[in-house]
Amino acid sequence: MNSFPIATLNENTFFTQELVLDKQFILLDPSCPFTNSMKKALTEWGIKVVYSEGSITGSRANAAPINTENFQQVDIADVNTTTEKKSEMGENIRKLLRQSHENISGNEKSRMGTVQNIYNEYSNYINSIYTHYATHKVLNYQEISDTVKELCVFIKDNRRYVLRIQPANDGKNKNFIINHSMRSTVIAIVIGLQLRLPLTKLVDLGVTCILHEIGQIRLPPQLYLTDRKLTAGEKIKLSTHPILGYNIVKDNLFPSQIQLGILQHHERENGAGYPQKLFGQQISQFAKIIGVACSFEAITSARHFKEARSSYDAMVEILKNEGKLFDDTVIKALLYSLSLFPIGAYVYLLNGKIAQVTDVNPNSPGNPIVSLLGVTDSSGSPIQVQTDANQNKIVRVLNKAETMDIVKRIEGGGNKPVK
């Protein structure tokens, strides 16, 4: 292993093999240059030497190409045309979100359908951001933040509908990073709203969460698309994605709080996280929020190596906070935003009814508001009731098979509950 003093490295220095920190964490792959901004950051962190099995090279001749096979392919023959299409897509989603206040009306089913359509469009937008960077190495902070601003307002006005959207049954396919980023961003923004963050900070939180996995596209897809157990070396390489993401947004001149949020989103309160093993107050607020949001989302979604668990299981696990991984204030905000039985969960009541959790009870997070299935009012809308410790008590959360059956019935137009 060759050592390279930070002070001797110049702008746009390339290495023939990976450059690592502390002989463990990968800082750069051969396709990326060492930059002065990186030099400054490493110096601020107190790191004086980096390491590589390779040597310094003055060209990209030996650089490994960036793998983009796990993202939607675009025509890169004309950079300007693709950039214009991306900007147009951003403007279209912003227009759609602005119009949502006029379009969302009618009964619960109609409103839920409109919210789902907007959610899908925004997922497509996130995919375009990742694809555009993978092919052009460019991210536009202002364009993304303008779009996220509209999303924040949309989620604030439609929180109880957005949170009822079930995880897509595609957590094991190549687009899971996009789905994870979308769902995590919704949860992070909801937490931010509960913490009463000002709109400017809420927008930057959303931008950070959308891009928190951007570093993974600089890694081989077999590291995160495999159902086998990773080797120790592969785990170390995968754990570099926060550093790679940090470098990406820093090079694209994103605000420092976004840079730190991406760099630190895997840090934990007890110092057991990575890449810097920070403790408590050393971790930025954005990173604390995204850490909780991402962990909640990951528990409830399928991956190549695991099956999805219920949102109730996820909430209980986060609340236990074993090892004191998460910030208590952020955990409380998650609980009061989603309730103990999170919005969207299907539950069985003591009176024999089956219902879906549709909103929180601010005074009692253990007794949310639910929508009874198979019971409607005179307008045909499901009846909403406040759960309690009596006949409307929640007995249990429906298991995976029961939930899938319920969703199929709803999508098929039926509303009879499962007995």
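Before reading on, note that the structure itself is shown above.
Just so you know, these numbers come straight off a predicted model, no measurement behind them.

Student: Lay out the packing of aromatic side chains with the relevant residues and their values.
Tutor: A ring pair, where both rings are aromatic, is described by two values, the distance of the centres and the angle of the planes. All told, the structure shown has four aromatic pairs when counted by the stated rule. Note on phenylalanine 4 and phenylalanine 15: the rings are 5.0 Å apart at their centroids and 80 degrees apart in plane angle, and the pair reads as edge-to-face. With a gap of 11 residues between them, phenylalanine 4 in strand β1 (residues 2–5) and phenylalanine 15 in strand β2 (residues 14–15) connect regions that are remote in the sequence. Across the pair, phenylalanine 15 and phenylalanine 4 agree in class, each one buried. On the numbers, 5.4 Å between centres and 70 degrees between planes, the contact of tyrosine 141 with phenylalanine 254 is edge-to-face. With a gap of 113 residues between them, tyrosine 141 in helix α4 (residues 141–162) and phenylalanine 254 in the loop between α8 (241–251) and α9 (256–264) connect regions that are remote in the sequence. Overall, the relative accessible area of 23% leaves tyrosine 141 in the partly exposed class. Its relative accessible area of 2% is what places phenylalanine 254 among the buried residues. Residue placement shows arginine 396 over the ring face of tyrosine 348; its charged tip is 5.7 Å from the ring centre.

Student: Give a detailed account of the sheet that holds strand β9 (residues 369–376), specifying residues and quantitative values.
Tutor: Strand order in this open sheet of five strands is β10-β9-β8-β7-β11, and the pairing throughout is antiparallel. Each edge of the open sheet carries a strand with a single partner, namely β10 (382–386) and β11 (394–397). Strand-to-strand twist across the sheet, computed as the mean angle between neighbouring axes with direction ignored, equals 40 degrees. With four bridges joining them, β9 and β10 adopt antiparallel strand pairing. Across the sheet, the residue bridging to valine 370 is valine 385, located in β10.

Student: A description of empty space enclosed by the protein should follow, citing residues and the corresponding values.
Tutor: Counted by the stated rule, this structure contains two cavities of 30 Å³ or more. Considering only enclosed or pocket space, the largest cavity measures out at about 40 Å³ in volume. For the largest cavity, the full set of lining residues is Glu267, Arg268, Glu269, Ile283, Ala287, Lys288, Gly291, Val292, Leu325, Phe326 and Asp327. Of the residues in the lining of the largest cavity, the class split is five nonpolar, one polar and five charged. Roughly 30 Å³ of volume is contained in the second largest cavity. Surrounding the second largest cavity, Tyr119, Leu151, Phe154, Ile155, Val162, Met182 and Val186 form its lining. Per-element accounting of the lining of the second largest cavity gives the leading share, four residues, to α4.

Student: Let's hear about the side chain of arginine 183: which residues, and what values?
Tutor: In this structure, arginine 183 sits in helix α5 (residues 176–194). Arginine 183 sits in the buried class, given a relative accessible area of 13%. Within the structure, the side chain of arginine 183 is placed 2.9 Å from the side chain of serine 301, a separation counted as a polar contact. What arginine 183 contacts, discounting residues up to four positions off in sequence, is Tyr119, Pro167, Glu297, Thr300 and Ser301.

Student: Explain the state of the cysteines to me, and be specific about the residues and the numbers.
Tutor: A covalent bond bridging the sulfur atoms of two cysteines is what the word disulfide describes. Applying the stated criterion to the full structure yields zero disulfides. Cysteine 209 takes part in no disulfide bond, and the closest cysteine sulfur to it belongs to cysteine 294, at a distance of 4.8 Å.

Here is what the cut-offs are and how they apply
- Residues numbered from 1 in each chain as written.
- Predicted model: local features only at pLDDT ≥ 70, side-chain atom pairs only at ≥ 80, totals over all residues.
- Heavy atoms only, no water.
- Phe/Tyr/Trp six-rings, centres within 6.5 Å; stacked < 30°, edge-to-face > 60°.
- Helix = DSSP H or I, 4+ residues; strand = E, 2+ residues; numbered from the N terminus.
- Buried < 20%, exposed > 50% of the residue type's maximum accessible area, 1.4 Å probe, protein only.
- Lys NZ or Arg CZ within 6 Å of the ring centre and 35° of its normal.
- Pairing = 2+ DSSP bridges.
- Axes fitted to C-alpha atoms, helices over the stretch in contact; angles between N-to-C directions.
- 1 Å grid on protein atoms, 1.4 Å probe; cavity = no way out; pocket = protein on both sides within 12 Å on 5 of 7 lines; lining within 4 Å.
- Points joined across faces, edges and corners; volume = space filled by probe spheres on them.
- Nonpolar A, V, L, I, M, F, W, Y, C, P; charged D, E, K, R; others polar.
- Polar contact = N/O pair within 3.5 Å; in protein donor to acceptor, adjacent residues only side chain to side chain.
- Contact = heavy atoms within 4.5 Å.
- Disulfide = S-S within 2.5 Å.

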